[in-house]
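So you can see what is in the structure, the chains are spelled out below.
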Amino acid sequence: MADAPGASDVTPPPRTRILVAVDGSPASLDALTFACPLAQARGADLLVAWVLDPDLAEDPVGLAADGAALRTTIEGWFTAQGLRAAYQVLLLTGAPGPALARAAADQAVDLVVVGAEGSHRESGPRFGSTANLLAHRLEVPLLAIPAGCRWRGVHEVVVGVDGSDATDAAVAAVAALPGISDAVVHAVYACQPLSEWSGAPVPTAHRQRAAHDVALWTAPLDLSGARVRREVRDEAHPSATLLRVADDVHADLVVVGAQPTSQLTGQRQGSTVFQVLQRSPRPTLLVPPTTAVGPGTA
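Predicted model only: the values in this text are computed from it and were never measured. (Residues numbered from 1 in each chain as written. Predicted model: local features only at pLDDT ≥ 70, side-chain atom pairs only at ≥ 80, totals over all residues. Heavy atoms only, no water.)

Our next topic: the overall build of the chain. When helices and strands are tallied, the chain shows 9 helices and 10 strands. Within the chain, the fraction of its 298 residues that count as buried is 48%. For the chain, the share of sequence-separated contacts (at least 6 apart) that also reach a separation of at least 24 residues comes to 78%. Summed over all atoms, the accessible surface of the chain reaches about 14300 Å², with 53% contributed by carbon and sulfur. (Helix = DSSP H or I, 4+ residues; strand = E, 2+ residues; numbered from the N terminus. Buried < 20%, exposed > 50% of the residue type's maximum accessible area, 1.4 Å probe, protein only. Contact = heavy atoms within 4.5 Å. Areas by Shrake-Rupley, 256 points an atom, 1.4 Å probe, with all protein chains shown as cover.)

Turning our eyes to something else, we now look at the pattern of salt bridges. Per the counting criterion, the structure on display carries 8 salt bridges. The salt bridge partner of Asp213 is Arg209, with a shortest N-O separation of 3.3 Å. Here Arg209 and Asp213 lie together in helix α6 (residues 204–217), a separation of 4 residues that amounts to about one turn. A relative accessible area of 16% means that Asp213 is categorised as buried. With a relative accessible area of 52%, Arg209 lands in the exposed category. Across the pair Asp247 and Arg282 runs a salt bridge, and its minimum N-O distance is 3.4 Å. Placement of the pair is Asp247 in helix α8 (residues 238–249) and Arg282 in the loop between α9 (271–279) and β10 (284–287), with a sequence separation of 35 residues. On the accessibility criterion, Asp247 (25% relative accessible area) is partly exposed. Within the structure, one salt-bridge network assembled from shared partners comprises Arg15, Arg17 and Asp45. (Salt bridge = Lys/Arg side-chain N within 4 Å of Asp/Glu carboxyl O.)

Moving on, we get to the side chain of Asp30. With respect to the element layout, Asp30 can be found in helix α1 (residues 26–42). Filtering out sequence-adjacent residues up to four positions away, Asp30 remains in contact with Ile145, Ala147, Gly148, Cys149 and Arg150.

What follows is about the sheet that holds strand β4 (residues 111–116). In space, the 10 strands of this open sheet follow the order β3-β2-β1-β4-β5-β10-β9-β6-β7-β8, with mixed pairing throughout. Two strands lie at the open edges of the sheet, namely β3 (87–93) and β8 (227–233), each paired on one side alone. Neighbouring strand axes in the sheet, compared pairwise and without regard to direction, differ in orientation by 25° on average. Where strand β5 (residues 142–146) lies against β10, 3 bridges are found, and the strand directions are antiparallel. Residue pairing across strands places Ala144 opposite Thr284, the latter belonging to β10. Along the sheet face, α6 touches β7 (184–190) and β8 and points at about 150° away from the line of β8. (Pairing = 2+ DSSP bridges. Axes fitted to C-alpha atoms, helices over the stretch in contact; angles between N-to-C directions.)

Of the positions making up helix α5 (residues 165–175), those classed as buried are Ala166, Thr167, Ala169, Ala170, Val171, Ala173 and Val174. On its buried side, α5 packs onto β6 (156–160), β7, α6, α7 (219–223), β9 (253–257) and β10.

Structurally, Ser25 can be placed in the loop between β1 (17–21) and α1. In this structure the side chain of Ser25 is engaged in a polar contact, spanning 2.6 Å, whose partner is the side chain of Asp23. (Polar contact = N/O pair within 3.5 Å; in protein donor to acceptor, adjacent residues only side chain to side chain.)

One non-glycine residue, Ala108, lies in positive phi territory at about 50°. Its location among the elements puts Ala108 in the loop between α3 (96–106) and β4. Positioned with a positive phi, His250 is a non-glycine residue whose angle comes to about 55°. With respect to the helices, strands and loops of the structure, His250 is situated in the loop between α8 and β9.

Before going further, it helps to examine the packing of aromatic side chains. What the rule picks out here adds up to 4 aromatic pairs. Each ring, one from Trp50 and one from Trp77, has its centre 6.0 Å from the other, and the planes form 15°; the classification is stacked. Note that Trp50 is positioned in strand β2 (residues 45–52) and Trp77 in helix α2 (residues 68–81), a separation of 27 residues in sequence. Each member of the pair Trp50 and Trp77 is classed as buried. (Phe/Tyr/Trp six-rings, centres within 6.5 Å; stacked < 30°, edge-to-face > 60°.)

Following this line, the structure appears as structure tokens:
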């Protein structure tokens, strides 16, 4: 009879890999400052990626001549921000969006972190072309970090739900978040009138059915140990509703599910998701429907 395998024969699970995109801008430094303690808290491998676009003449740290200049620059950022985390530097070439998307696939990362520029609700769209492309193309979660946000753990989470495959993935991602058993999760369904032309409130029976459905859609959250608060709201557009709830509870994280990327157009459908990404003043996680992995999940 063969001996039972010893502890040394057990293959450990793969480590989580987090890629953070930097370009020297204040927005990207905010993303780095957020990603480092997140990676450290989860024992994740951190990849710091800079894209050198050959179509641009500007090369602020002399990367074309010597890639070591990038490492020196990043070390300076870590020192200046008091960051303590092991990391790997990736110097990529090409158009930034496609280069980062390829790196995310090639490096088998579990999460991509980007900075969101501008002030919310006032300056219009905060995403540049790179972050926008990643939001449409990535098949792993994308975490957008608005200016000034810092990692402080997961205490209050808001997740939008509607029974779709997209929000099923978002719920699964929330259930897998580190520290979720000590958090409060606000699962929000924006219950719209039966006709967009109707100004009448949503009928009571419709709201009751919606509350029943929300309980089914969010059942995985009960198993996570989190305190779950389910809300059916009908006072505003879904994106405005999510942002309002997030403001009310001072959410650490807003989570939205994304539709699949169309092979024909290379775009995701769904205005709610992108309105939340563009307007949220809080860290916001976009979860593709093919993944159930949250940021920092081991």
